[in-house]
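# Inside the fold
Residue-level listing of the chains:
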Amino acid sequence: MNENFRLFLTRELESLNQKGLKRQMQILDGAQDAHVYINGKEYLNFCSNNYLGLVNHNRLKKAAIEEIEANGVGSGASRLVCGTLKVHQLLEEKIAQFKGAESCLIFNTGYMANLGIISSLFDANDIIFCDKFNHASIIDGIMLSGAKLKRYPHGDMSALEEMLRKETGCRKRVIITDSVFSMDGDMAPLDKIVFLAKKYDCLVMIDEAHALGVLGKNGKGAAEYFGVEKDIDIQMGTLSKAVGSLGAYVCGSKDLISFLINRARSFIYTTALPTSVIAAASEGLDIIQTDSLLRKELWNKTFFLHNNLRKMGFDLLNTQTPIIPILVKDAVKAVKFSQRLFEKGILISAIRPPTVPPHTARLRLTVMATHTQQELEKLLDVLERIGQELCLI
Ligand SMILES: *Cc1c(COP(=O)(O)O)cnc(C)c1O
């Protein structure tokens, strides 16, 4: 290997290691579920986005298997060439109907959706107002678009209004926000955002990755929760979290979808999702639409953990959802916390910069509808003991 290149890699990795920021992947032996197996040992899984336990649900598995038997494994081509099968179209229609939108388009992942949507719709003549804690895929989409980026402090509506007042003289203006913030578990105040967007004649795009299947009376997401579905121009979300499969969607007007089909490069230049993945997502959505009990279970468990962890004295930031950050601040200590939990048979990953701002390293605990009360109590017991040991409470 080229000597300079070899040295570059060694130095970068050593530097990450020293700061406690080097990452490694945890290899699971079996399915992604409320319990997982690592090196033959069982762990309680409290770091999955599989909120409703649909990843390993019999109905999703059956739908995927039947689809493979009927239509094969791969999709063989991009959507615009000959990779679109009837199941793709049916799922797009189903999501549009569920969301009460004119039209819908599926992307292969949430990351690709944000990249393609934002970079095709906006350019250097436009301004994008962006919450500081928005997901990396939104930031990358904005970078790729070349649009002027105005980041407002997390959730700060007066700062956003000030920017909207000042930043004029461009072609298009759009506010883009996660509806549930993936590392903090709080919600964007969509009612206020929609109000400001109307007042200042600005578009709104939301990312419902952690809200679909979790929030709203019918599980449609945060836009439903806030009653602002009709006021959001671009509604994006994923099929990889509560829905239990893979992929992402964007809902909006017929023309918006036609535009994206023609211009979004991450939609155009990639092979279509396998239809088994689409069939599983469709089944997951059916369960979300018909089984509100599952969602109720998730929320009961969420509030149980919020209340008890706060009572113990942990700093959970402003979480309002099944994403529960436990603030540790120091990255090395966060890793230690996570390792101690691992020794006790509990899997919760430490989240460190640059995923979160400096000095806000944390554990990111997520609840699932399928965790039992006994498991939650074990979790609380272990968290309290290690929290005291590490002087966090
Ligand atoms: C997970 C996530 C994404 C990316 O979705 P994938 O389908 O995993 O690529 C995008 N936005 C937010 C807010 C997310 O949490």
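Anything mentioned here points back to the structure above.
Described below are features of the structure shown in this document.

Quick notes on the rules
- Residues numbered from 1 in each chain as written.
- Predicted model: local features only at pLDDT ≥ 70, side-chain atom pairs only at ≥ 80, totals over all residues.
- Heavy atoms only, no water.
- Helix = DSSP H or I, 4+ residues; strand = E, 2+ residues; numbered from the N terminus.
- Rg over C-alpha atoms; globule rule 2.2 N^0.38 Å.
- Buried < 20%, exposed > 50% of the residue type's maximum accessible area, 1.4 Å probe, protein only.
- Contact = heavy atoms within 4.5 Å.
- Areas by Shrake-Rupley, 256 points an atom, 1.4 Å probe, with all protein chains shown as cover.
- Lys, Arg positive; Asp, Glu negative; His and termini not counted.
- Charge placed at Lys NZ, Arg CZ, Asp CG, Glu CD.
- Expected span 1.5 Å × (residues − 1).
- Polar contact = N/O pair within 3.5 Å; in protein donor to acceptor, adjacent residues only side chain to side chain.
- Near = heavy atom within 4 Å.
- Nonpolar A, V, L, I, M, F, W, Y, C, P; charged D, E, K, R; others polar.
- 1 Å grid on protein atoms, 1.4 Å probe; cavity = no way out; pocket = protein on both sides within 12 Å on 5 of 7 lines; lining within 4 Å.
- Points joined across faces, edges and corners; volume = space filled by probe spheres on them.
- Core = buried A, V, L, I, M, F, W, Y, C linked by side-chain atoms within 4.5 Å.
- Pairing = 2+ DSSP bridges.
- Patch = residues over 30% accessible without salt bridge, like charges linked within 9 Å, V, L, I, M, F, W, Y side chains within 5 Å.
- Salt bridge = Lys/Arg side-chain N within 4 Å of Asp/Glu carboxyl O.
- Axes fitted to C-alpha atoms, helices over the stretch in contact; angles between N-to-C directions.

Summing up its helical and strand segments, the protein chain has 15 helices and 13 strands in all. The C-alpha atoms of the protein chain give 21 Å as radius of gyration, which agrees with the globular expectation for 393 residues (21 Å, within 12%). Put simply, the protein chain has 393 residues, and 54% of those count as buried. Sequence-distant contacts in the protein chain: of pairs separated by 6 or more residues, those separated by 24 or more amount to 69%. About 18100 Å² of surface is accessible on the protein chain, with carbon and sulfur atoms providing 52% of the total. Here the protein chain contributes 47 positively and 44 negatively charged side chains, and the mean placements of these two sets differ by 3 Å.

In this model helix H13 (residues 292-312) runs 31 Å from its N-terminal to its C-terminal C-alpha over 21 residues, within 8% of the 30 Å that 1.5 Å per residue would give. All buried positions along H13 are accounted for by Leu294, Arg295, Leu298, Trp299, Lys301, Thr302, Leu305, His306, Asn308, Leu309 and Met312. Looking at the packing, one finds that the buried side of H13 touches helix H12 (275-290), strand S10 (323-329), strand S13 (361-366) and helix H15 (373-389). Between a side-chain oxygen at the N-terminus of H13 and the backbone nitrogen of Leu293 the separation is 3.2 Å; the capping residue is Asp291. In the stretch just after H13, Gly313 is the one whose phi turns positive, near 105 degrees.

All right, on to the site of the ligand then. With respect to spatial proximity, 14 residues lie near the ligand, and among them Gly110, Tyr111, Asp207, His210 and Lys241 are the closest. In this structure, Gly110 approaches the ligand through a main-chain N or O atom, which is 2.8 Å from an oxygen atom. Contact with the protein chains hides 85% of the accessible area of the ligand, taken as 380 Å² for the molecule alone. Ranked by the residues each element gives to the shell around the ligand, the list is headed by helix H5 (residues 110-121), at 3 residues. A per-class count over the shell around the ligand returns 2 nonpolar, 9 polar and 3 charged.

Moving on: the layout of surface pockets. Considered as a void within the structure, the largest pocket measures approximately 1600 Å³ in volume. Surrounding the largest pocket, 46 residues form its lining, Arg23, Gln24, Ser349, Ala350 and Ile351 being those nearest its centre. If you tally residues by element for the lining of the largest pocket, the top one is helix H14 (residues 331-343), at 4 residues. Each residue belonging to the lining of the largest pocket can be placed in one class, and the counts come to 20 nonpolar, 18 polar and 8 charged.

With that settled, consider the nonpolar core. One finds Leu309 and Phe337 to be the most contacted residues of the largest nonpolar core, which totals 89 residues. It is H12 that provides the largest number of residues to this core, a total of 7 residues.

This part covers empty space enclosed by the protein. To find leftover empty space, a probe the size of one water molecule is rolled over the atoms. One pass over the structure, following the stated rule, counts 1 cavity of 30 Å³ or more. Within this model, the largest cavity holds a volume of roughly 30 Å³. Looking at the lining of the largest cavity, the elements that each hand over two or more residues are strand S3 (103-107) and helix H11 (265-268).

Burial analysis of strand S4 (residues 127-131) places 5 of its 5 residues in the buried class, the great majority of the element. Burial along S4 is two-sided: the face carrying Ile127, Phe129 and Asp131 and the face carrying Ile128 and Cys130 are both buried. Where S4 meets strand S5 (residues 148-152), 5 bridges bridge the pair, whose relative direction is parallel. Residue Asp131 lies in a different strand from S5, and its bridge partner there is Tyr152. Both S4 and strand S6 (residues 173-178) contribute to a ladder of 4 bridges, which runs parallel. Across the sheet, residue Cys130 finds its bridge partner in S6, namely Ile176.

Here the focus is the side chain of Glu167. Within the secondary structure, Glu167 is located in the loop between helix H7 (157-166) and S6. Since its relative accessible area comes to 14%, Glu167 is described here as buried.

Let us look at a nonpolar patch on the surface. On the surface, a cluster of nonpolar side chains totalling about 590 Å² of accessible area is made up of Met1, Phe5, Phe8, Leu9, Leu13 and Leu16. Counting through the fold element by element, Leu9 comes out in helix H1 (residues 3-18).

The next thing to look at is the sheet that holds strand S12 (residues 350-351). By definition, the strands of a sheet pair up through backbone hydrogen bonds, in either a parallel or an antiparallel sense. Sheet architecture is open: 3 strands sit in the order S10-S13-S12, paired in antiparallel fashion. A single partner strand is all that each edge strand has here, and the edge strands are S10 and S12. Here S10 runs beside S13; their pairing, made up of 6 bridges, is antiparallel. By the bridge assignment, Lys329 is partnered in S13 with Ala361. The strands that H13 touches are S10 and S13; relative to S10, the one it contacts most, it runs at about 25 degrees.

So, about unusual backbone geometry. The amide bond that connects Pro353 to the next residue, Pro354, takes the cis arrangement and shows omega of 10 degrees. Tracing the backbone shows Pro354 in the loop between S12 and S13. If you check the backbone angles, Asn39 has positive phi at about 50 degrees while not being a glycine. Here Asn39 is to be found in the loop between strand S1 (35-38) and strand S2 (41-45). Asn39 gets classed as exposed once you look at its relative accessible area, which sits at 74%. Positive phi is not limited to glycine here, since Asp201 has a value of about 50 degrees. Within the element layout of this structure, Asp201 appears in the loop between helix H8 (190-199) and strand S7 (203-207).

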